[in-house]
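In case you want the letters, here they are:
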Amino acid sequence: MKKLLALLLALLLATSCVSALAAMPDLENGVTVAAAMNFDAEAVMALATQAGEDFSDFPEEAMTAAFGIINNLGVKAAVKGTDAQIDLLLKDASVLALNLGVNESGIVVTCDAIPNYAFTISAETIQQLMTQIAEAMPKGLDGIDPEALGEAIGSRLGALIQEVLAKAGETETGSFSVDGMDFNARIPLNITTKELALLTMNFVKDVLNDPAFAPVLGMIGDQLNLGDLDEAIQELETLDEAQMPVTEAFVYGQLDEAGNANSIYVAIDISQNGQTIATRGGMVGNHILGSVKVLDQGSFKLDAEIKDNGANVAFTVEAQGMTALATLDAAARADGGVDLRGDISLNGSAPLFTGYLSVVPGAEIAAPASAEGKICIALEDLMNNDSEATQNAMTALQSAAIVIMGKAMQVMPDEFNVIMTMVNGGQAQMY
């Protein structure tokens with residue numbers, strides 16, 4: 001049964017790290033990222049109505065057209081070397097292409113809808129903006145050493161786990177059912193609520209007192225006083241354990257004939273006066289599981305299924321009579337990229353929102369950005385309210401809007417005619 005405890009330690013340490021599903025594509029050879037989304041019109045409208053929104057002034061035909069347009073939108077971004085291209089897609093057809101080019105002078109931005117114009121940002125302006133961003137960041141951030149922080153937490157976490165495991169009792173074998181799952185072995189953790197609380201609070205105190213956390217504490221300032229933590233520990237030490245909630249903790253396992261554990265599940269219940277805080281966590285088969293149920297107020301659940309080529313992750317939150325479910329499916333591609341799909345639903349409804357993202361090696365830049373032969377509009381001139389630059393920018397943006405709308409109308413004429421008719425108060429269609 002010692003193997004079961006060893007697996008528990010390995011699981012806790014493993015879950016503190018994040019591993020990549022697949023190697024990221026080589027950016028030197030280019031990478032393309034594509035994203036799309038889908039809203040369930042009926043589910044979204046029902047939720048909005050429950051929230052008190054009134055859509056009586058919006059014709060059903062217009063709402064259907066609006067959702068149809070939104071659900072056919074997509075974005076594709078390609079990056080290769082110092083060039084990038086971002087396409088706004090409608091039914092997979094590009095209605096807008098922005099090209100960006102980086103050189104020693106700065107950044108050039110062009111748009112296929114206004115081929116005679118180019119926007120530029122000088123290297124000096126970029127540097128000034130970066131400096132302003134850096135100055136706006138919390139002070140002391142540059143002094144934080146992530147590796148040192150990880151070491152500070154990891155070393156003490158191992159000690160904490162060992163102290164908890166030292167409370168383990170004798171192994172019990174048999175048939176045990178917990179949270180709808182069956183196990184054939186379990187180990188009781190003979191630890192009281194007071195002992196568990198003191199171990200946790202001293203762990204936090206030791207971690208925060210590590211020199212690696214000094215920059216973090218400096219950023220937090222007066223919001224965290226370690227002296228208050230010391231007082232809380234001292235107060236806890238004086239409490240009568242008989243008056244405190246009761247903790248019941250078990251480590252469940254599924255052992256094979258050789259004594260190897262292929263599943264492990266930790267269940268901790270802290271109860272008082274019929275109210276319970278239940279915490280669960282472990283790995284059962286190829287599922288990483290975790291949950292917290294706080295009295296009768298709500299719960300959080302995690303179920304991550306690990307597959308050969310990716311993972312399926314589900315987050316469930318229950319509170320105030322509502323149940324929210326968010327899922328994320330990730331799959332490695334044969335070409336070295338990755339496909340992601342995520343959705344959000346409420347109270348068992350169809351997903352309100354579904355998002356798609358793919359990362360694919362390789363990129364094609366149709367028209368690398370260039371300011372040569374174009375009317376150049378410098379960001380610096382716009383920032384200085386230069387009248388000529390401002391007028392050129394307004395002309396360019398208006399022209400771009402007309403071209404983009406024209407392309408969109410060609411792709412989805414019925415839907416845009418409905419929207420434009422409503423916007424124009426029922427007047428004649430624009431196209």
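Before reading further, recall that the structure is shown in the block above.
Keep in mind the model is a prediction, meaning the values are calculated, not measured. (Residues numbered from 1 in each chain as written. Predicted model: local features only at pLDDT ≥ 70, side-chain atom pairs only at ≥ 80, totals over all residues. Heavy atoms only, no water.)

**Student:** Would you mind going over the overall build of the protein in detail, with residue names and values included?
**Tutor:** Within the protein, the secondary structure is distributed over eleven helices and 18 strands. Buried positions account for 31% of the 431 residues belonging to the protein. Considering only intrachain contacts with a sequence separation of at least 6, the fraction spanning at least 24 residues in the protein is 48%. Here the protein displays about 25,300 Å² of accessible surface, and carbon together with sulfur accounts for 57% of that area. (Helix = DSSP H or I, 4+ residues; strand = E, 2+ residues; numbered from the N terminus. Buried < 20%, exposed > 50% of the residue type's maximum accessible area, 1.4 Å probe, protein only. Contact = heavy atoms within 4.5 Å. Areas by Shrake-Rupley, 256 points an atom, 1.4 Å probe, with all protein chains shown as cover.)

**Student:** Can you explain the packing of aromatic side chains? Please cite residues and give values.
**Tutor:** Taken as a whole, this structure holds six aromatic pairs when the rule is applied. Plain terms: the ring middles of Phe39 and Phe353 are 5.1 Å apart, the flat faces sit at 55 degrees to each other, and that makes the pair tilted. Placement of the pair is Phe39 in strand 1 (residues 31–39) and Phe353 in strand 17 (residues 353–361), with a sequence separation of 314 residues. In this structure an aromatic cluster arises from ring pairing among Phe176, Phe183, Phe250, Tyr252 and Tyr265. (Phe/Tyr/Trp six-rings, centres within 6.5 Å; stacked < 30°, edge-to-face > 60°.)

**Student:** Lay out the pairing of strand 7 (residues 172–178) in plain terms, naming residues and giving numbers.
**Tutor:** Taken residue by residue, a regular strand's side chains alternate between the two faces of the sheet. Relative to strand 8 (residues 181–189), strand 7 is paired through five bridges, and the arrangement is antiparallel. Across the sheet, Phe176 pairs through a bridge with Phe183, a residue of strand 8. (Pairing = 2+ DSSP bridges.)

**Student:** Account for the nonpolar core, naming residues and giving values.
**Tutor:** Among the nonpolar cores identified, the biggest contains 18 residues, and Leu160, Val164, Leu189, Leu199, Phe213 and Val251 are the most heavily contacted of them. Among the elements of the structure, helix 5 (146–165), strand 8, helix 6 (193–208), strand 9 (246–255) and strand 10 (261–272) are those that each provide at least two residues to this core. Beyond its immediate chain neighbours, meaning those up to four positions away, Leu199 contacts Leu160, Glu163, Val164 and Ile191. In terms of nonpolar packing, the next biggest core, distinct from the first, is built from eleven residues, Ala65, Leu90, Ala408 and Phe416 among them. (Core = buried A, V, L, I, M, F, W, Y, C linked by side-chain atoms within 4.5 Å.)

**Student:** Break down a nonpolar patch on the surface for me, with residues and values.
**Tutor:** Where nonpolar side chains cluster on the molecular surface, the patch consists of Ile277, Val292, Val294 and Leu295 and spans about 250 Å² of accessible area. Note that Ile277 resides in strand 11 (residues 275–284). (Patch = residues over 30% accessible without salt bridge, like charges linked within 9 Å, V, L, I, M, F, W, Y side chains within 5 Å. Salt bridge = Lys/Arg side-chain N within 4 Å of Asp/Glu carboxyl O.)

**Student:** Give a detailed account of the pattern of salt bridges, specifying residues and quantitative values.
**Tutor:** Here the idea is simple: oppositely charged side chains can pair when their charged atoms come close. Considering all chains together, one arrives at ten salt bridges under this definition. In this structure, Asp179 and Arg280 form a salt bridge, with 2.8 Å as the shortest nitrogen-oxygen distance. Within this pair, whereas Asp179 is found in the loop between strand 7 and strand 8, its partner Arg280 is found in strand 11, the two being separated by 101 residues in sequence. Arg280 sits in the buried class, given a relative accessible area of 14%. Where Arg333 meets Asp339, a salt bridge forms, and the shortest distance between an N and an O atom there is 3.1 Å. Members of the salt-bridge network, linked through shared partners, are Asp179, Asp269 and Arg280.

**Student:** Which residues make up helix 3 (residues 60–70), and what values go with them?
**Tutor:** Among the residues making up helix 3, those that are buried are Ala62, Met63, Ala65, Phe67, Gly68 and Ile69. Packing partners of the buried residues in helix 3 comprise strand 1, helix 2 (41–50), strand 2 (73–80), strand 3 (83–90) and helix 11 (413–423).

**Student:** Kindly report on the environment of Glu388, identifying the contributing residues and their values.
**Tutor:** By the secondary structure assignment, Glu388 is in helix 10 (residues 387–411). According to the relative accessible area criterion, Glu388 is exposed, its value standing at 57%. Counting along the chain gives eleven residues from Glu388 to Ile377, while the straight-line C-alpha distance between them is 9.0 Å.

**Student:** Give a description of unusual backbone geometry that names residues and reports values.
**Tutor:** With phi around 50 degrees, Asn347 is a residue other than glycine that occupies positive phi space. Judged by its relative accessible area of 44%, Asn347 is partly exposed. With a phi angle near 60 degrees, Asn385 is a residue other than glycine that sits in the positive phi range. For Asn385, the position within the fold is in the loop between helix 9 (379–383) and helix 10.

**Student:** Outline the packing of helix 3 against helix 11, supporting the account with residue identities and numerical values.
**Tutor:** Relative orientation of the contacting elements helix 3 and helix 11 amounts to 130 degrees, with a least axis distance of 9 Å. Relative to helix 11, the element helix 3 is oriented oblique. Where helix 3 crosses over helix 11, the handedness of that crossing is left-handed. For the pair helix 3 and helix 11, contact is made by Glu61, Ala62, Ala65, Ala66 and Ile69 and by Glu415, Phe416, Val418, Ile419 and Met422, respectively. Classifying every residue of the contact of helix 3 with helix 11 gives eight nonpolar, no polar and two charged. (Axes fitted to C-alpha atoms, helices over the stretch in contact; angles between N-to-C directions. Parallel < 35°, antiparallel > 145°, perpendicular 65-115°, else oblique. Left-handed = near helix turned anticlockwise from the far one by under 90°. Nonpolar A, V, L, I, M, F, W, Y, C, P; charged D, E, K, R; others polar.)

**Student:** Which residues make up the pairing of strand 5 (residues 106–111), and what values go with them?
**Tutor:** Of all the six residues making up strand 5, five are buried; the element is thus mostly covered by neighbouring parts of the structure. Note: strand 4 (residues 93–103) against strand 5, six bridges, orientation antiparallel. By the bridge assignment for strand 5, Leu100 is matched with Val109. Linking strand 4 to strand 5, which pair antiparallel, is a turn of two residues. Of the strand pairs in this sheet, strand 5 and strand 6 (residues 117–122) are connected by four bridges, and their pairing is antiparallel.

**Student:** Please set out the side chain of Thr316 residue by residue, giving values where relevant.
**Tutor:** Along the chain, Thr316 falls in strand 14 (residues 310–319). Among all residues touching Thr316, those that are not within four sequence positions of it are Ser299, Phe300, Lys301, Thr323, Ala324 and Leu325.

**Student:** Before we move on, can you summarise the environment of Ala378 with the specific residues and values?
**Tutor:** Mapped onto the elements, Ala378 comes out in strand 18 (residues 375–378). Sequence spacing of Ala378 and Ser122 is 256 residues, and the spatial spacing of their C-alpha atoms is 8.0 Å.

**Student:** I'd like a rundown of the packing of helix 6 against helix 8 (residues 226–238), residues and numbers included.
**Tutor:** As a packed pair, helix 6 and helix 8 sit with axes 10 Å apart at the nearest point and diverge in direction by 160 degrees. Comparing the axis directions of helix 6 and helix 8 gives the class roughly antiparallel. Note that helix 6 runs across helix 8; the crossing there is left-handed. Contacts between helix 6 and helix 8 involve Lys194, Ala197, Leu198, Met201, Asn202, Val204, Lys205 and Leu208 from the former and Leu226, Leu229, Asp230, Ala232, Ile233, Leu236, Glu237 and Thr238 from the latter. Its residues assigned to classes, the contact of helix 6 with helix 8 comprises ten nonpolar, two polar and four charged.

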